[in-house]
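Reading the structure
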Amino acid sequence: MARGLGELESTIMDHMWAIREPASVRDVLEHLRKDRTLAYTTVMTVMDNLHTKRLLKRKPVGRAYIYETVSSKEAYTAEVMRESLARSGNRAATLVHFLERLTPEEASALEAALQVYPPRGLSS
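Residues numbered from 1 in each chain as written. Predicted model: local features only at pLDDT ≥ 70, side-chain atom pairs only at ≥ 80, totals over all residues. Heavy atoms only, no water.

1. Some words on the sheet that holds strand β3 (residues 64-69)
- Taken in spatial order, the 3 strands of this open sheet run β1-β3-β2, and their pairing is antiparallel. Only two strands of the sheet have a single partner each, and these edge strands are β1 (23-24) and β2 (56-61).
- Note that β2 and β3 share 6 bridges and pair antiparallel. Each bridged residue has a counterpart across the sheet, and for Val61 the counterpart in β3 is Ala64.
- Where helix α1 (residues 7-19) meets the sheet, it contacts β1, β2 and β3, and its direction lies at approximately 75° from that of β3. (Pairing = 2+ DSSP bridges. Helix = DSSP H or I, 4+ residues; strand = E, 2+ residues; numbered from the N terminus. Contact = heavy atoms within 4.5 Å. Axes fitted to C-alpha atoms, helices over the stretch in contact; angles between N-to-C directions.)

Next comes the structure, spelled out in structure tokens:
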């Protein structure tokens, strides 16, 4: 499911995750035009690609589509992480390298997450 995102795809998804409500291509274009010049068709094509990647769902409203996110940014990020781990040649070594690079804040977040959701087979 999770695939890498290009720069504009990431920008659009970040906006969609931030607003947490359905939006048209025109709505997204108006937001993006605050920072850069883009054509309507460019945004439309990218949002169609995000729909194809199953990151956005859409429904027709008149002659246009209204888009909304399929899942949260956190769920998407978790899926990307899981798929990256699955592609690694040695999962244990990959996890060790990951843990070695955690900042103190990230380590605290990991500890807190493990309190909420202990790994299978490690709970008492």
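Now that the structure has been shown, we can carry on.
2. Some thoughts on the layout of surface pockets
- Put simply, the largest pocket is a space of about 410 Å³.
- Contributing elements (two or more residues each) for the lining of the largest pocket: α4 (73-87), α5 (91-100) and α6 (104-116).
- Here the lining of the largest pocket is built from residues that sort into 9 nonpolar, 2 polar and 2 charged.
- Put simply, the second largest pocket is a space of about 270 Å³.
- In terms of lining residues, the second largest pocket is bounded by Leu110, Ala113, Leu114, Tyr117, Pro118, Pro119 and Arg120.
- Taken together, the residues that form the lining of the second largest pocket break down as 6 nonpolar, no polar and 1 charged. (1 Å grid on protein atoms, 1.4 Å probe; cavity = no way out; pocket = protein on both sides within 12 Å on 5 of 7 lines; lining within 4 Å. Points joined across faces, edges and corners; volume = space filled by probe spheres on them. Nonpolar A, V, L, I, M, F, W, Y, C, P; charged D, E, K, R; others polar.)

3. Topic: the side chain of Glu9
- With respect to the helices and strands, the residue Glu9 is situated in helix α1.
- At 2.7 Å, the side chain of Glu9 and the backbone nitrogen of Gly6 are in polar contact.
- Those residues in contact with Glu9 that sit more than four places away from it in its chain are Gly4, Val46, Asn49, Leu50 and Lys53. (Polar contact = N/O pair within 3.5 Å; in protein donor to acceptor, adjacent residues only side chain to side chain.)

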